[in-house]
Amino acid sequence: MINEKEVIIEVVDLKKNFGDLEVLKGINEKIYKGEVVSIIGASGGGKSTFLRCLNMLEVPTGGHVYFEGNELVDGTTDLDAHRQKIGMVFQHFNVFPHLTVLRNITITPMLEKGMSKEEAEKEAMDLLKMVGLEDKANEYPRKLSGGQKQRLAIVRALAMHPDVMLFDEPTSALDPEMVKGVLEVIKDLTDTGMTCVIVTHEMGFAKTVSDRVLFIDDGLVMEEGTPEELFDHPQNPRTQEFLSKVL
Amino acid sequence: MKKLLTVLFVVCMMLNLVACGSNEKENTEPVNPDTQENAWVWDGPKYDEVKETLGAATIDLTAADGKLASILEKGVLVVATSPDYPPSEYVDVNTGDIKGSDMLLAQYIANSLGVTLQIEAMDFSAVLTAVSTDKADLGISGFGYKEDRAEQYELSHGYQSGTAASHHTLMIKKEDLDKFNSLEDFNVEGLKIDAQANSLQHMYVEDQLTNATLTLVSSIDQEILELQSGKVDAVAMDATTAKNYAEQSNGMFVSVWEEKGIEFDLTMYDQTAGNVVAAKKGEVSLINAVNEIIDQMMEAGLYSTMYYAACDDAGVAPGDDE
Amino acid sequence: MGPGLIEVWMLYYPIFLKGLVGTLKYAAIAVFFGTLLGCFIAILHLSKNKIINAIAVVYVNVLRGTPLLVQMYIAYFFLPMAFPVMNALSKEQYVILSLILNSSAYVSEIIRGGITSVDKGQTEAARSLGMSSKNCMMQIIMPQAVKNILPSLANEYIAMIKETSLAGTFMCYELMYTRTLLANKFLMWQPLFIIAGIYLVVTLVLSFFVKLLEKRLAASD
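Residues numbered from 1 in each chain as written. Chains lettered and ligands numbered in written order. Predicted model: local features only at pLDDT ≥ 70, side-chain atom pairs only at ≥ 80, totals over all residues. Heavy atoms only, no water.

Quick one: what's the story with the sheet that holds strand β3 (residues 36–40) of chain A, residue by residue and with numbers?
Residues and elements named next belong to chain A. Sheet architecture is open: six strands sit in the order β6-β7-β8-β3-β9-β10, paired in mixed fashion. Looking along the sheet, the strands with just one partner apiece sit at the ends: β6 (86–89) and β10 (220–225). Looking at each pair of strands side by side, their axes are set apart by 20 degrees on average, direction ignored. Packed on one face of the sheet, helix α9 (residues 237–246) meets β3, β9 (212–217) and β10 and runs near 95 degrees to β9. (Pairing = 2+ DSSP bridges. Helix = DSSP H or I, 4+ residues; strand = E, 2+ residues; numbered from the N terminus. Axes fitted to C-alpha atoms, helices over the stretch in contact; angles between N-to-C directions. Contact = heavy atoms within 4.5 Å.)

Tell me about the pairing of strand β1 (residues 7–18) of chain A, and please be specific about residues and values.
All names here are of chain A. Two elements, β1 and strand β2 (residues 21–32), share nine bridges in a ladder whose sense is antiparallel. From the neighbouring strand, F18 faces β2, where its bridge partner is L21. Linking two consecutive strands that pair antiparallel, namely β1 and β2, is a turn of two residues; a positive phi of about 65 degrees is found at G19 within it. Pairing between β1 and strand β4 (residues 62–67): five bridges, direction antiparallel. Within β4, the residue paired with V12 across the bridge is H64.

Lay out the interface of chain C and chain A in plain terms, naming residues and giving numbers.
Many analyses report the size of an interface as the accessible area lost when the parts associate. Contact residues are listed per partner, giving 19 residues for chain C and 23 residues for chain A. Three residues stand out in chain C for area buried against chain A, namely C:E124, C:S128 and C:L129, and they jointly supply 34% of the buried area on that side. Applying the counting criterion to the chain C and chain A interface returns two salt bridges. Note that C:R127 is salt-bridged to A:D80, the shortest N-O span being 3.1 Å. The interface formed by chain C and chain A contains nine residue pairs in polar contact (both at pLDDT 80 or more). If you list the elements that add at least two residues to the side of chain C that touches chain A, you get α5 (120–128) and α6 (133–163) of chain C. Looking at which element gives the most residues to the side of chain C that touches chain A, the answer is α5(C), with seven residues. Its residues placed into classes, the side of chain C that touches chain A shows six nonpolar, nine polar and four charged. (Buried area = accessible area lost by both parts, 1.4 Å probe. Salt bridge = Lys/Arg side-chain N within 4 Å of Asp/Glu carboxyl O. Polar contact = N/O pair within 3.5 Å; in protein donor to acceptor, adjacent residues only side chain to side chain. Nonpolar A, V, L, I, M, F, W, Y, C, P; charged D, E, K, R; others polar.)

Describe the side chain of C:S98, and please don't skip the residues or the numbers.
Note that C:S98 resides in helix α4 (residues 91–116). Not counting the four nearest positions on each side in its chain, C:S98 is found in contact with C:L68, C:Q71, C:M72 and C:A75.

Let's hear about the nonpolar core: which residues, and what values?
By size, the foremost hydrophobic cluster in this structure holds 117 residues, and its most contacted members are B:L138 and B:M306. Ranked by residues supplied to this core, first place goes to helix α1 (residues 5–46) of chain C with ten residues. When residues no more than four places from it in sequence are discounted, the contact partners of B:M306 are B:V50, B:L54, B:S101, B:L104, B:L105, B:Y108 and B:M297. (Core = buried A, V, L, I, M, F, W, Y, C linked by side-chain atoms within 4.5 Å. Buried < 20%, exposed > 50% of the residue type's maximum accessible area, 1.4 Å probe, protein only.)

Just give me the short version of the interface of chain C and chain B, but keep the residues and values in it.
Facing the 35 residues of chain C at the interface are 42 residues of chain B. Buried surface at the junction of chain C and chain B, summed over both partners, amounts to about 3,500 Å²; 67% is from carbon and sulfur atoms. Counting across the interface, chain C meets chain B through two salt bridges. The residue C:K91 makes a salt bridge to B:E120 at a minimum N-O spacing of 3.7 Å. There are five residue pairs in polar contact (both at pLDDT 80 or more) connecting chain C and chain B.

Quick rundown of the environment of B:Y159? Include the residues and the values.
Residue and element names in this part refer to chain B. Summarising the element assignment, Y159 is placed in the loop between β7 (153–155) and β8 (168–173). Using a relative accessible area of 1% as the deciding quantity, one classes Y159 as buried. When the C-alpha atoms of Y159 and S141 are compared, they prove to be 12 Å apart, with 18 residues separating the residues in sequence. Here the side chain of Y159 touches D102 through a polar contact of 2.7 Å, side chain to side chain.

Before we move on, can you summarise the environment of B:G261 with the specific residues and values?
In this fold, B:G261 is placed in the loop between α11 (256–260) and β13 (275–280). Overall, the relative accessible area of 41% leaves B:G261 in the partly exposed class.

Give a detailed account of a nonpolar patch on the surface, specifying residues and quantitative values.
Residues and elements named next belong to chain C. On the surface, I6, W9, M10, Y13 and L17 cluster together into a nonpolar patch covering about 460 Å² of accessible area. You can see L17 is positioned in helix α1. A residue is classified by how much of its surface remains accessible, and L17, at 38% relative accessible area, is partly exposed. (Patch = residues over 30% accessible without salt bridge, like charges linked within 9 Å, V, L, I, M, F, W, Y side chains within 5 Å. Areas by Shrake-Rupley, 256 points an atom, 1.4 Å probe, with all protein chains shown as cover.)

In structure tokens:
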């Protein structure tokens, strides 16, 4: 299912402390092009921190992060240029409340890529159509429901033509009836071959959408494998304990 | 409750005054007409005319050094003053110009040095600071001669109008007049007296009325307000100023010098008669030039003209006893 | 006690009005340039560089922790001793300089507060899209911070209107200075009450407009 073994993100001995608290204790991991990786685990186990280290929203305390072969941690590379290729979707959407739905999408391509207004808006409208928000283009985000805001956040990231998308618990802050719509958008996205790293509590979704699942606990990757391996035949006692609670 | 009544009383009184004020005839001068009856009249040259025709003293500036040299080089003489003391220094309400007999003297000094005059107005207590920090070349603000002042600054020869008497006294409310028959009557425990900070009267009260409680204020109008509101029993000022304020008060205040001949004892001070000009300590060349200019001015009788013209312009009576 | 309030007002209202214009002018200059300088200080204050940050902290604390009148005296008398070129400034310019510096400290805190009150997620979203820190600040954070800043800034102007009364100590033509002017006419209590009345009317009217502005901004959320 993974076409070639082309590595897009490589993490070597990644460590992160918040003060005295060791959140990541040395993670080694490779994300391959076109792969969909879900990360599961109990709250506070370090899975969100791991994800946020991939685009330097959290600066690691130690170790290396390579994105398409470029080291991000040592501060020698142009972070902004790389971040444009790493889309991120947050638990709390973080749409820009002072900009219209359309402008939320076009502002970064126009400012950072020098895209013309017409081009950016045309592309934005296509993206909005894709997630069923084309009639909201000129509204402000306060008129949108949580699910609509999250779909907007997803296409806002896609407008930068990223090589990889990071999802940080994208449905945790949604009302239950909104979850499905957002998961469908992500599912559609994975079907297009987009590389995705998804931190999620939706075990059913993780099972159906993923090529690979990581179980992160206590700052380390405790177990990894295909959804079948991990969900149906967990080896690590910690994984077994976690799954018995959530499934 | 008592306080509340007092407040109510004051408010009523003010409304009353407002009403009275509005009923009065359209008088162009805010001064009460009563005081105009015995108004002093000056028929000499007017202020502006005096200023235009001041002329200059003839002095030798070839040996100028220090600050005097830099004044001559810049072509500007900066004088600091506190314009709350008519007729010596005050602000023309209509033009905002700073005027007064001291400012005519300043102009005369500038003329004599052949430079332009620049006046900097500030708080009385800031004037001498301005001189010591080089913000101003000279301080001219009705300064009297004081020992400690002479230790800190170069003080010039004294200047005064021919007839102006140098008396320093106290102003009180008229209703209290019976209580005071000598200076010693002011030297009483619990009696409260105001004086302008760093003024001559400040020193006199400190030295001669040791039992009384001295309060320092930054300007003369604060003294008047405190006397009016009963915060203090008496305010110390020079006799001319006291006379003027008493006259303007519609009989509310009296000067104990005018009424009873009470004044501060000046014999105990080794003092130069009249007012002095202050310069920064060590600027001997500058103060010598100022002295030379003042001497020539006094000899020519010029200062009296300046003083009377300023009185006339400020609308106050001169403080002589003739 | 001399003429009544109305009579004094009728005779001298041009002087009071000129004083009021001076007061409004000083306050406007102070807050305008104080805002420009305050933005700069706020940026320093938000800097991650510890030395730059410390400079801003000291600046703000010194200017907010000492009385404006003391600052005016020090600026006027002692700044030119340290920097002789400043002798070229007039007394009024020193007073204005003190007002600007003082205002900038308060404004920088207003701006800093406005910026930090914007949700951290906004910065993260913008930066994760690859937006530069400058664009993120100007396009995403500041437009949202302005809603919090504007009413506080208007209140700072109202506060400054009262603070400028200290300029009268240096005989700069503003409302409080009219008291000195009219004291020369032996008017003692009347100017004070008229001045108080003018301050009160102006600050109440401006406060009313600030309330209106706050309502408008709240409605647009």
